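The lines below spell out each chain.
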Amino acid sequence: MTINTPDKLNQYEKELRNRNSSALKTEILVSMGTCGIAAGTTPVLDALKKEVEEGGYGDSIRIVQVGCMGLCHSEPSIEVVDKATGERAIFGNVTPDKAKAVVAKTVRAAGVQAIPRSWYYPEDEENTDKCIQARIVLRNCGRIDPESIDDYIERSGYKAVGRVLGTMKPQDVIKIITESGLRGRGGGGFPTGRKWQFAAAQKSDEKYVVCNADEGDPGAFMDRAVLEGDPHSVLEAMIIAGFSIGSHSGVIYIRAEYPLAVKRLHLAIEQSREKGFLGKNIFGSGFDFDIELKYGAGAFVCGEETALIHSVEGKRGEPGFKPPFPAVSGLWKKPTIVNNVETYANVCAIIRKGAAWFRAIGTESAPGTKVFSLTGKINKVGLIEVPMGTKLHDIIFRLGDGIKDGRKFKAVQTGGPSGGCITEASINTPIDYASLIALGSMMGSGGMIVLDEDDCMVNVAKFFLEFTLDESCGRCTPCRIGNKRLHEMLNEITTGNGTHEMLLKLRKLSDTIKDTALCGLGQTSPNPVLSTLKNFEDEYLAHVDGKRCPAKVCANLLKYEINDNCVGCTLCARNCPVLCISGEKKHKHAIDQAKCIKCGVCFETCRFHAIDKN
Amino acid sequence: MAMSETECCNSCGSCNNDPIMKMNPDKKRELESYMDTLSLGGDTDKNRGFLIQCLHKAQGVFGYLPEDVQLLVADRLGLHLSEVFGVISFYSYFTTVPQGRYKINICTGTACFVKGAESIVGEFKRFLNVDMGETTEDMKFSLGGLRCVGACSLAPVVMVNDKVYGNVTPKKVPEIIEECK
């Protein structure tokens with residue numbers, strides 16, 4: 001059935017809201033994102049289905065597969081919704097055995113862990129102080145079946161595009177987006193409205209709307225969660241963008257490493273075509289728009305817009321010179337806008353609720369929210385969405401519940417390989433684009449990795465450079481050769497061959513690369529080095545002067561020794577891969593330092609704290 | 001020089017020198033019929049837009065991209081072989097060497113890194129006696145790295161073909177290898 005007028009859509013939405021049989025009392029939402037499935041949600045889902053079927057619950061319970069709820073720390077997680085009262089309860093770490101208790105509502109007795117919700121939905125709910133998170137982008141993630149367009153329509157889906165095509169002119173749409181202050185969520189923070197304005201002003205028979213879903217930042221999975229949990233919201237926003245700049249074709253460039261997101265996008269596009277939201281004469285307005293998927297093939301630099309365009313054209317994904325900007329000459333040399341998944345996911349809410357509503361959330365210079373993937377040495381790893389201007393302290397210690405195993409917080413890395421680290425001294429800074437840059441880091445796409453006292457910052461900087469080396473396309477010299485030299489110096493430092501001169505060179509070369517590299521990847525690649533040098537110079541000096549690694553990470557600077565706690569249990573000797581531990585049973589053992597490969601297996605296996613790592 | 005099925009073989013031997021003919025005919029047909037569904041035309045620039053998806057398909061069918069396969073794709077799209085190879089060598093997803101039956105990929109994303117992925121890599125290297133990006137001689141295991149799979153809560157993560165192993169420790173490495181055998 002096609003829906004070709006806004007009235008028909010309203011009617012259909014109403015029907016959907018009444019579609020459930022009156023017998024339906026409970027809905028059980030099961031988190032089926034990639035990470036949920038990896039943690040074992042599938043057997044839980046099967047157990048739930050079986051229990052409902054065999055327990056004679058009939059139509060009173062409906063089981064829905066949803067996308068990521070963001071509670072990675074407690075996967076497999078499920079949410080139980082009481083249809084009569086609207087009450088919702090989330091349960092974490094559910095096993096197939098415990099699924100029965102969830103269905104029978106005897107969760108407390110069965111010891112299933114309930115998780116308090118820390119978010120609210122600014123579109124439907126007022127904030128209460130206890131909720132730090134505000135969900136605009138993730139409003140449907142974990143709440144609807146991403147494979148059902150009906151679920152999306154039931155939650156006001158495609159209403160924004162209905163309103164745009166029915167009542168607005170392209171300029172009106174751009175005006176709302178500009179007034180809302182929405183900025184690019186891929187990291188750069190360029191005002192979205194202004195980008196659209198540039199492209200709209202171009203006179204061309206063909207224009208393109210591109211969605212950048214090439215989320216290559218290691219440790220970031222925000223876009224994947226949106227595409228897996230709420231793909232229609234991105235499609236809808238792309239139609240709106242197409243209308244406002246005068247484009248009829250959209251392209252989603254997605255990583256091949258996200259098979260589930262690809263599958264759900266395919267399905268969403270098909271369903272959307274069936275309903276008539278994509279194709280010819282959408283909502284009877286005479287406006288045509290369609291979307292195709294293009295796959296990446298594992299190149300981080302393709303997240304850069306000119307490189308992405310080259311990749312869509314089937315070329316090597318090397319970045320090009322700007323100007324001309326894509327808004328003037330982009331895909332197939334036609335005016336093109338490239339926006340990130342998360343940016344698009346904001347658009348429909350802005351159209352539905354207005355620019356003033358959006359501006360009321362977040363900060364003056366950066367309205368709205370930002371999604372972060374919070375990972376690393378933290379108790380509650382997860383996907384979170386907070387208003388811009390939220391303090392890092394609140395994110396790490398309230399949402400993340402502090403550092404794992406009671407260790408001491410050291411730093412948080414934002415912006416991935418292009419970003420930097422933020423230390424305890426700055427942890428109360430409200431985060432937005434400007435404040436993070438002032439701290440020597442950047443917003444980036446939203447990876448947030450927490451480091452504790454056991455992480456060596458020199459080694460972390462080396463890790464990010466390794467990534468850059470791998471991913472540098474090699475087109476410009478500063479990035480291709482400069483980063484290689486930086487990496488070599490860091491390698492020397494972490495193996496105990498560093499000198500003071502090297503530290504000076506590191507700084508100088510970093511600045512040169514920043515000033516001279518061709519694209520964003522190269523210009524930001526030395527950031528992890530500069531930021532660790534600035535905040536943790538003492539660690540660099542310890543490696544250079546004292547030839548020691550304070551965090552006890554850099555293997556070449558370590559020495560494993562057996563102390564007097566040793567009871568001679570022989571466990572370490574039996575586990576040592578190079579058989580360099582000797583000693584008689586019930587007598588203190590010794591490590592042959594010449595043979596030791598510093599793998600740390602003895603340290604991990606010893607039950608008597610008899611191995612010293614120095 | 002492909003021979004149509006209706007023609008009869010006269011033992012001329014030319015097929016033996018035709019690398020494409022040496023390919024598994026079923027696989028070749030699968031790739032060709034996929035390329036038939038694409039709206040290819042005379043415009044090389046537009047055809048090039050289909051290159052990456054063709055290579056994805058080809059690698060899915062053949063497991064890797066040997067020169068014969070590259071030629072087949074290049075011919076169909078009207079591109080030079082050098083250009084096709086240029087694209088293959090740029091993207092880390094594509095490979096021109098055969099892969100082992102079990103592709104062991106260790107996540108080298110940041111979350112896995114801070115939780116000790118390096119020691120897992122070392123252990124796999126030692127056990128399989130291959131370096132990253134290499135395949136064991138018996139063609140059973142390929143060892144490789146993988147950027148974030150987004151299962152950061154389970155870090156460090158190892159993927160064997162499509163199966164995800166979470167919270168891996170060096171001690172679990174032999175178990176994972178054993179499970180494949």
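### Section: the overall build of chain A
And then number 1: Helices and strands together make up the secondary structure of chain A, namely 25 helices and 21 strands.
And then number 2: For chain A, the C-alpha radius of gyration of 27 Å lies close to 25 Å, the compact-globule estimate for 614 residues.
And then number 3: In terms of overall dimensions, chain A has C-alpha extents of about 85 × 65 × 40 Å along its principal axes.
And then number 4: Within chain A, the proportion of its 614 residues that are buried is 51%.

### Details of the sheet that holds strand 4 (residues 163-165) of chain B
Residues and elements named next belong to chain B.
And then number 1: The four strands lie next to each other as 2-1-3-4, forming an open sheet whose pairing is mixed. Each of the sheet's edge strands pairs with one partner strand only, and the pair in question is strand 2 (141-146) and strand 4. When strand polarity is set aside, the average angle formed by the axes of neighbouring strands in this sheet is 25°.
And then number 2: With six bridges joining them, strand 1 (residues 102-107) and strand 2 adopt parallel strand pairing. Looking at the pairing, Tyr-102 lines up with Phe-141 of strand 2.
And then number 3: Together, strand 1, strand 2 and strand 3 (158-160) form the strand contacts of helix 9 (residues 117-128), whose direction differs from that of strand 1 by roughly 155°.

### Examining the interface of chain B and chain A
And then number 1: Listed by partner, the interface residues are 32 residues for chain B and 40 residues for chain A.
And then number 2: Secondary-structure elements contributing two or more residues to the side of chain B that touches chain A are helix 5 (51-62), helix 7 (81-90), helix 8 (110-114) and helix 9 of chain B.
And then number 3: Residue composition of the side of chain B that touches chain A, grouped by class: 17 nonpolar, 12 polar and three charged.

### Observations concerning helix 7 (residues 159-167) of chain A
And then number 1: Taken together, the buried positions of helix 7 of chain A are occupied by A:Ala160, A:Val161, A:Gly162, A:Val164 and A:Leu165.
And then number 2: Those residues of helix 7 of chain A hidden inside the fold are in contact with helix 1 (6-17), helix 8 (170-180), helix 11 (231-245), strand 10 (279-282), strand 11 (287-295) and helix 14 (341-353) of chain A.

### Quick word on the nonpolar core
And then number 1: Of all hydrophobic cores here, the largest spans 209 residues; its most connected members are A:Val234, A:Met238, A:Ile240, A:Val412 and B:Val157.
And then number 2: Counting residues per element, this core draws most heavily on helix 11 of chain A, at nine residues.
And then number 3: Non-local contacts of A:Val234, meaning those with residues more than four positions away in its chain, are made with A:Cys211, A:Val226, A:Leu227, A:Val341, A:Tyr344 and A:Ala345.
And then number 4: Counting 10 residues, the second-largest nonpolar core is a separate cluster that includes A:Tyr560, A:Ile581, A:Ala610 and A:Ile611.

### What to know about the pairing of strand 17 (residues 447-452) of chain A
All names here are of chain A.
And then number 1: Judged by how many residues are buried, strand 17 sits mostly within the fold: five of six residues are covered.
And then number 2: Bridging between strand 15 (residues 409-414) and strand 17 involves five bridges; their strand directions are antiparallel. Bridging across to strand 17, Thr-414 finds its partner in Met-448.

### Concerning the domain arrangement of chain B
And then number 1: Here chain B is partitioned into domain 1 (14-90) and domain 2 (102-180).
And then number 2: Distance from the C-alpha centre of domain 1 of chain B to the C-alpha centre of domain 2 of chain B: 31 Å.

### What about the pairing of strand 15 of chain A?
All names here are of chain A.
And then number 1: Most of strand 15 is tucked away, with six of its six residues classed as buried.
And then number 2: Bridge count for strand 15 against strand 16 (residues 420-423) is four bridges, and the pairing is antiparallel. Bridge pairing in strand 16 places Ala-411 opposite Thr-423.
And then number 3: Two successive antiparallel strands, strand 15 and strand 16, enclose a turn made up of five residues, where Gly-415 displays a positive phi of approximately 80°.

### Digging into the domain arrangement of chain A
And then number 1: Split into domains, chain A comes out as domain 1 (6-117), domain 2 (149-357), domain 3 (369-452), domain 4 (457-544) and domain 5 (559-613).
And then number 2: On a C-alpha basis, the centres of domain 2 of chain A and domain 3 of chain A stand 27 Å from each other.

Conventions used here
- Residues numbered from 1 in each chain as written.
- Chains lettered and ligands numbered in written order.
- Predicted model: local features only at pLDDT ≥ 70, side-chain atom pairs only at ≥ 80, totals over all residues.
- Helix = DSSP H or I, 4+ residues; strand = E, 2+ residues; numbered from the N terminus.
- Rg over C-alpha atoms; globule rule 2.2 N^0.38 Å.
- Buried ≥ 20, exposed ≤ 12 C-beta atoms within 10 Å, placed from the backbone.
- Pairing = 2+ DSSP bridges.
- Axes fitted to C-alpha atoms, helices over the stretch in contact; angles between N-to-C directions.
- Contact = placed C-beta atoms within 7 Å.
- Nonpolar A, V, L, I, M, F, W, Y, C, P; charged D, E, K, R; others polar.
- Core = buried A, V, L, I, M, F, W, Y, C linked by C-beta atoms within 7 Å.
- Domains from an automatic or database assignment.

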